[in-house]
Amino acid sequence: MTTMETHTLAVPGVDLVYDVRRPLSASGDHRTLLMIGQPMTAEGFNALAPHFTDRTVVTYDPRGLGRSVRSDGRSDHTPQQQAADLHLLIEALGGGPVDVFASSGGAVTALELVAAHPGDVGTLVAHEPPINAVLPDAAAAERARATFHEAYQAKGMGAGMAAFIAMTSWQGEFTDAYFAQPTPDPAAFGLPTEDDGSRDDPLLSKNSWAVTDYRPDAAALTAAPTRIVIAVGEESAGTYTARTAVATAALLGQEAAVFPSHHGGFLGGEFGYAGKPAEFAARLREVLDAD
């Protein structure tokens, strides 16, 4: 059993809101486990965090997302800024090293955190970081990203998300066959066909392009004292984020560790994207305890 408290940390340009789950009784020497995503907020870990009742687990809403209201006048989401925020959050928690489980864009942020502040993180499990630069078809991946952005700008969220799903479920490199496909129908994915008028979605707009444009510093990452484990879902094989995970692992001289389920394998049905949270948690515990 755990208790949960919600806190706010005032840092330049934003009030960061984070949740701390603490075990009811002391149990071992586990480091604090920080779970981060992007553009996903803390609620995305509601199915995973309860499986770690033997350690303190911290989740948070990144700058400008969810409850973390920004005052810096910006709308972009960069790994560098988010890593700087996390460094301040870790200091507020008592300092590093902490362990980090990071998902998707959060995994990119976590790689930047290790590169910039190597003493902050003991073990990092970076699950399917979407990084175009590591792919052999990087230019085509950027073109595919532009395709779902253009669909969003032209017809709104439903059209943009349908094109995003088409991109992230495509098997293998983005070839001419990918770009020759007809525009996907939002209704086929249960998405709205009418334009809601919004154009600032952090996933579909250009606000988060700095995440997929990120270029990891392999020298800094391999020199850091942090144990870095790049993870990939067993059901993700061949898809965009599986390919970026495998390629990022290779950049760091390792093989990606296989985890249950898919890109959202730790989810318990949030966002209509159910995974296998119990199995995922068991695998994560195994990897963390191997330190």
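These numbers come from a predicted model, not from an experiment.

Q: Please clarify how the pattern of salt bridges should be interpreted in this entry.
A: Pairing between side chains of opposite charge can happen when the charged atoms of each approach one another. One pass over the full model with this rule turns up 15 salt bridges. A salt bridge links Arg70 to Asp72; the nearest nitrogen and oxygen atoms lie 2.8 Å apart. We classify Asp72 as partly exposed; its relative accessible area is 27%. Asp213 serves as the salt-bridge partner of Arg145, at 3.0 Å between the closest nitrogen and oxygen. Of this pair, Arg145 sits in helix 3 (residues 138-155) while Asp213 sits in the loop between helix 6 (209-212) and helix 7 (218-223), and the two are 68 residues apart along the sequence. Look at Arg145 and you get buried, because its relative accessible area is 6%.

Q: Would you take a moment to explain the pairing of strand 3 (residues 33-36) for this structure?
A: Across the two faces of strand 3 the burial is the same, with Leu33 and Met35 and Leu34 and Ile36 all buried. Inspection of the sheet shows strand 3 paired to strand 4 (residues 57-60) by 3 bridges, in the parallel sense. Bridge assignment links Leu34 to a residue of strand 4, and that residue is Val58.

Q: Would you mind showing me how to read unusual backbone geometry here?
A: Most peptide bonds take the trans configuration, and most residues that are not glycine carry a negative phi. A cis geometry characterises the amide bond from Gln38 onward to Pro39, with omega recorded as 5°. Position of Pro39 among the secondary structure elements: in the loop between strand 3 and strand 4. Here Gly96 and Pro97 are connected by a cis peptide whose omega angle stands at 5°. Mapped onto the fold, Pro97 is located in the loop between helix 1 (79-92) and strand 5 (98-103). The backbone of Ser104 shows a phi angle near 55°, a positive value even though the residue is not glycine. By the element assignment, Ser104 lies in the loop between strand 5 and helix 2 (105-116). Here Ser261, not a glycine, exhibits a phi torsion of approximately 70°, which is positive. Within the fold, Ser261 resides in the loop between strand 8 (257-259) and helix 9 (277-289).

Q: For this particular structure, what's the right way to read the nonpolar core?
A: Nonpolar side chains in soluble globular proteins generally cluster together in the buried interior. Leu34, Ile36, Val100, Leu111, Leu124, Ile228 and Ile230 are the most contacted members of the largest nonpolar core, which has 41 residues in total. With 21 residues, the next largest nonpolar core counts Met35, Phe101, Phe259 and Val287 among its residues.

Cut-offs applied
- Residues numbered from 1 in each chain as written.
- Predicted model: local features only at pLDDT ≥ 70, side-chain atom pairs only at ≥ 80, totals over all residues.
- Heavy atoms only, no water.
- Salt bridge = Lys/Arg side-chain N within 4 Å of Asp/Glu carboxyl O.
- Buried < 20%, exposed > 50% of the residue type's maximum accessible area, 1.4 Å probe, protein only.
- Helix = DSSP H or I, 4+ residues; strand = E, 2+ residues; numbered from the N terminus.
- Pairing = 2+ DSSP bridges.
- Core = buried A, V, L, I, M, F, W, Y, C linked by side-chain atoms within 4.5 Å.

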